[in-house]
Amino acid sequence: MKEPLYSIIAGRAEALIRSGAWPHGTRLPPERELCELLDVSRTSLRQALADLEERGLITRHQGRGTFVTRPRVDADASGYFSIGDALRSRGMELTTAVVSTSIVEASEHLATELCLETGDPVFSLERLRSSDGEAVVLEVSHLPLRLFPRLDQRDFSSRSLYHVLWEDYGRYVAKASETLEPVVLTSREAHVLGVSRGAPALLFRRTTRDRSNVIVEVGQGLLRGDRSRFLIERHVQEGWASSHDPSAPPTTSRPAPETPSRIAAGLLDASTPR
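A.B. asks: Explain the overall build of the chain here, please?
C.D. replies: Scanning the chain for helices and strands turns up 8 helices and 11 strands. Here the chain, with 274 residues, has 38% of them falling under the buried criterion. Put simply, of all contacts in the chain between residues at least 6 apart along the chain, 60% involve residues at least 24 apart. Entry remark: accessible area of the chain is about 15400 Å², with carbon and sulfur atoms responsible for 50%.

Here is the structure:
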């Protein structure tokens, strides 16, 4: 099939972005100048710009113009404990700023998640992760103070949370489970992340356990939707295809549906080693 004209235009514009001719932060020329530069009609150009915006290569602001955004970075997260570890493996430098700390009484819901009694003291830590000066994830962690007394006196702007748990309390983080869901940001969340109110984000909720399977942390993070991308590869388990093919020889393998084998995370993306 013949490639649509707008797709060809988008490809030419993407090449200019990837080559550095249009670096991150560049304000693109007005539509009339772009039409002349790329030798296309305004209708085709607008379709191409919409395609580039959908893929996160540009952002359009009413009254301000169209700007080149930082390209997303793909990182294979299957072999790392956190997305931040995966990003560091790609050479990204991530910084952490403490937004707030507090000691709160555990609500009924939080007490259930942390296996506490309602009203037990919980340390809450809110941090902002950035890359090259650009905020990428807002993260909140809740930890039981009965396991970590005086945790609020530690400096988390220069030390990883998990390093503190190990070095100061002998609690080695061993495993974690996470869920992901799309959300829109509140005005406060958007302000901290430097995006517009109502912008899309990925919300991840995390429960972390130590080597003794004790829950040491529950928390959540908000990843900027314009800077994150998650890819999933699936493979059919051995024996599934033959069990559904009448002409295939019998097999003792139990039939099974597709199962996820690898998750890849894309950022400007994501959570950092805690």
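A.B. asks: So what exactly am I meant to see when it comes to the packing of aromatic side chains here?
C.D. replies: Both the distance between ring centres and the angle between the ring planes are used here to describe each pair of aromatic rings. The full count for this structure, using the stated rule, is 3 aromatic pairs. Ring geometry for Phe148 versus Tyr169: centroids 5.2 Å apart, planes at 85 degrees, classification edge-to-face. Here the residue Phe148 occupies a position in the loop between strand E6 (134-144) and helix H6 (161-169), and Tyr169 occupies one in helix H6, the gap between them amounting to 21 residues. Across the pair, exposure class does not vary: Phe148 and Tyr169 are buried alike. The side chain of Arg211 reaches across the aromatic face of Tyr172, ending 4.0 Å from its centre.

A.B. asks: What am I meant to see in the pattern of salt bridges here?
C.D. replies: Applying the stated criterion across every chain yields a total of 13 salt bridges. Close ionic contact of Glu31 with Arg46 constitutes a salt bridge, the shortest N to O distance being 2.9 Å. Separated by 15 residues along the polypeptide, Glu31 in helix H2 (residues 31-38) and Arg46 in helix H3 (residues 42-54) bring together distant segments of the chain. Glu31 sits in the partly exposed class, given a relative accessible area of 24%. Residue class for Arg46 comes out partly exposed when judged on its relative accessible area of 44%. We note a salt bridge from Arg60 to Glu53, for which the minimum N-O separation is 3.0 Å. A relative accessible area of 33% places Arg60 in the partly exposed class. The class of Glu53 is partly exposed, set by a relative accessible area of 32%.

A.B. asks: What should I look at first to understand the nonpolar core in this one?
C.D. replies: One recurring pattern in soluble globular proteins is that nonpolar side chains are buried together. Residues Ile17, Trp22, Leu28, Leu45, Leu49, Leu52 and Ile58 are the most contacted members of the largest nonpolar core, which totals 17 residues. Of all the elements in the fold, those that place two or more residues in this core are helix H1 (5-19), H2 and H3. When near neighbours in sequence (up to four residues on either side) are disregarded, Leu52 contacts Ala10, Ala13, Glu14, Leu57 and Ile58. Counting residues in each nonpolar core, the second largest holds 15 residues, with Phe148, Tyr162, Tyr169 and Val216 among its members.

A.B. asks: Help me understand the packing of H2 against H3, please; the structure alone is not making it clear to me.
C.D. replies: The description of two packed helices rests on the angle between their axes and on the distance between the axes. Direction vectors running N to C along H2 and H3 enclose 100 degrees, while the axes themselves pass 10 Å from each other. What the angle tells us is that H2 and H3 run roughly perpendicular. Along its contact with H2, which presents Glu31, Arg32, Leu34, Cys35 and Leu38, the element H3 presents Arg42, Leu45, Arg46 and Leu49. The class makeup of the residues in the contact of H2 with H3 is 5 nonpolar, no polar and 4 charged.

Reading the values: rules and limits
Residues numbered from 1 in each chain as written. Predicted model: local features only at pLDDT ≥ 70, side-chain atom pairs only at ≥ 80, totals over all residues. Heavy atoms only, no water. Helix = DSSP H or I, 4+ residues; strand = E, 2+ residues; numbered from the N terminus. Buried < 20%, exposed > 50% of the residue type's maximum accessible area, 1.4 Å probe, protein only. Contact = heavy atoms within 4.5 Å. Areas by Shrake-Rupley, 256 points an atom, 1.4 Å probe, with all protein chains shown as cover. Phe/Tyr/Trp six-rings, centres within 6.5 Å; stacked < 30°, edge-to-face > 60°. Lys NZ or Arg CZ within 6 Å of the ring centre and 35° of its normal. Salt bridge = Lys/Arg side-chain N within 4 Å of Asp/Glu carboxyl O. Core = buried A, V, L, I, M, F, W, Y, C linked by side-chain atoms within 4.5 Å. Axes fitted to C-alpha atoms, helices over the stretch in contact; angles between N-to-C directions. Parallel < 35°, antiparallel > 145°, perpendicular 65-115°, else oblique. Nonpolar A, V, L, I, M, F, W, Y, C, P; charged D, E, K, R; others polar.

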